[in-house]
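Okay, here's what each chain looks like letter by letter:
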Amino acid sequence: MTGQKGRAFDVARVREDFPLLARTVHGKPLVYFDSANTAQKPRAVIEAVDRYYREFNANVARAVHQLGEEATAAYESARDKLARFLGAPSREEIVLTSGTTQAINLVAYSWALPRLRAGDEILVTTMEHHANIVPWQLVCERTGARLKVAPISERGELIVDRFVDALTPSVKLAAVAHVSNVLGTINPVAELARAARKRGIPLLVDGSQAAPHVAVDLRTLGCDFYAMTGHKLFGPTGTGALWARREILREMPPFFGGGEMIREVRFDGTTFADPPHRFEAGTPNIAGFVGLGAAIDYLDGLGHAAIGAHEQALLDHLTEALRAMPGVRLFGEAAHKVPVVSFLVDGAHAHDLATLLDHEGIAVRSGHHCAHPLMQFFGVPATLRASLAFYNTHEEIERFAAALARVRTLLA
Ligand code: PLP
């Protein structure tokens, strides 16, 4: 992300770009603290999608007519923007997917399934989202490989030495979240990638929660696969990407077959397009990618440095506010975090609190956050999670803290 370096971050002005943030919920102004679930969309994204349907709706890579060319150019420009945003060496290394889940499943079925054998291992960590666990389990079931788990500390940080020790010769792939969706922990993926590379083990990074908060530079991260999702990056749902090194993508067979991914189809055999199109069978979410392109332009305009400073201040404020409340247990107090805070309040069930907060106009998530093993690690069935983005304010944190103090008394 480039943008307005050094300029102060004007959150009030930025909020005007997000129409939904102005609405009320149960008669109260909305406080949206669920951006790790899905982020709100700036007007630029909404208008780009609207403009696509109004002005150049057509299928991509098929029609020679003007509308088809315009749609194809807009869709393909999302690939260019994603490549630049992620610091990918080449646009041809960006496979457009429906999100992280599809991206990881693509690696599971196209890369891991043909390679793994009984006795092989896939290394994950305790803090993974189910999207970075279940696809590997499905591969393990079919190959006889096993899942191996690198532990985390009580503070919610990956124990790096244990991860490195676990990179034994039987490990054929390591798969790690860049940022935990529950704890907010930023994992030291460059360090993990160096260790994995030294041992010849490919590293997949689940970047779903990182891309909205931290500058991603694939040239320096050193991983082999990077999965991300567009709807958490202020773009439409049903968009995302898998980045993989060109030489890896070339070795991967197609996962889905159909239109768009072929060179020639004959009844006695089909030849496939080169990556990335080989992995993009069927009509894609064209409007979604037009919107995602607009989201990336919008983020570029804001600039990572300004966003980062504002988000760090929000995180510090929110953490302090919760620490100051008696009977609040925080989950995840890593040294390097994004503004995602999980917690429980003594004597109150997470779902009950989330429901009462909703009646105050405050949207937080409660539950297992698609991270059952992490909940098992902490010995709890669920947590509350407040996940913030650059459009949130200190005043909203004050409102949230006051509302939480009030509603918890109703459950005591
Ligand atoms: N990985 C992480 C860390 C996530 O937080 C999520 C979504 O919550 C996913 C993967 C799955 O993303 P999607 O549902 O957009 O494919």
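Under an unreviewed UniProt entry, the chain has the name Cysteine desulfurase and belongs to Dokdonella fugitiva. Its UniProt record, at the heading Function (unreviewed entry), says of the chain: "Catalyzes the removal of elemental sulfur and selenium atoms from L-cysteine, L-cystine, L-selenocysteine, and L-selenocystine to produce L-alanine." Entered under Cofactor (unreviewed entry) in the UniProt record, the comment concerning the chain runs "pyridoxal 5'-phosphate".

### Considerations on the site of the ligand
In the vicinity of the ligand, the contacting residues are G99, T100, T101, H129, A131, N181, D206, S208, Q209, T229, H231 and K232. H129 places a side-chain nitrogen or oxygen 3.3 Å from an oxygen atom of the ligand. Measuring from an oxygen atom of the ligand, one finds a side-chain N or O atom of K232 at 2.6 Å. In the complex, 86% of the free accessible area of the ligand, which totals 390 Å², lies under the protein chains. In terms of residue class, the shell around the ligand is made up of one nonpolar, nine polar and two charged.

### Structural notes on the nonpolar core
In terms of nonpolar packing, the biggest core is built from 116 residues, with F163, L203, Y226, F390, Y391 and F400 touching the most fellow members. In terms of residues, this core owes the most to one element, helix α10 (residues 286-302), which gives eleven residues. Contact partners of F400, with chain neighbours within four places excluded, come to F33, L318, L322, F343, L357, I362, V364 and A386. A145, F225, L249 and F279 belong to the second largest nonpolar core, which has 26 residues in total.

### A word on the UniProt feature "domain: Aminotransferase class V" (unreviewed entry) in the chain
Those places that UniProt annotates as "domain: Aminotransferase class V" (unreviewed entry) correspond, in this numbering, to residues 31-400. Helix makes up 40% of residues 31-400 and strand makes up 18%, while its end C-alpha atoms are separated by 8 Å.

### With respect to the environment of G184
Relative to the helices and strands, G184 is located in the loop between β7 (171-177) and α7 (189-198). Of the residues examined, G184 reaches a relative accessible area of 0% and is grouped as buried. For the pair G184 and G332, spaced 148 residues apart in sequence, the C-alpha separation works out to 7.1 Å. Ignoring any residue separated from it by four or fewer positions in sequence, one finds G184 in contact with V179, H336, K337, V338 and V340.

### Observations regarding the sheet that holds strand β4 (residues 94-97)
If you walk across this open sheet you meet the seven strands as β4-β10-β9-β8-β7-β5-β6, and the pairing is mixed. In this open sheet, the two strands that pair with only one neighbour each are β4 and β6 (146-150). If you compare each strand with its neighbour and ignore which way they point, the axes differ by 20° on average. Relative to strand β8 (residues 203-206), β7 runs parallel, the two being bridged by four bridges. Directly across from A177, in β8, lies its bridge partner D206. On the sheet, helix α3 (residues 66-86) packs against β4, β9 (225-229) and β10 (240-244) and is oriented at approximately 120° with respect to β4.

Definitions and cut-offs
Residues numbered from 1 in each chain as written. Predicted model: local features only at pLDDT ≥ 70, side-chain atom pairs only at ≥ 80, totals over all residues. Heavy atoms only, no water. UniProt positions renumbered as here; feature names shortened; annotations may be inferred. Near = heavy atom within 4 Å. Polar contact = N/O pair within 3.5 Å; in protein donor to acceptor, adjacent residues only side chain to side chain. Areas by Shrake-Rupley, 256 points an atom, 1.4 Å probe, with all protein chains shown as cover. Nonpolar A, V, L, I, M, F, W, Y, C, P; charged D, E, K, R; others polar. Core = buried A, V, L, I, M, F, W, Y, C linked by side-chain atoms within 4.5 Å. Buried < 20%, exposed > 50% of the residue type's maximum accessible area, 1.4 Å probe, protein only. Helix = DSSP H or I, 4+ residues; strand = E, 2+ residues; numbered from the N terminus. Contact = heavy atoms within 4.5 Å. Pairing = 2+ DSSP bridges. Axes fitted to C-alpha atoms, helices over the stretch in contact; angles between N-to-C directions.

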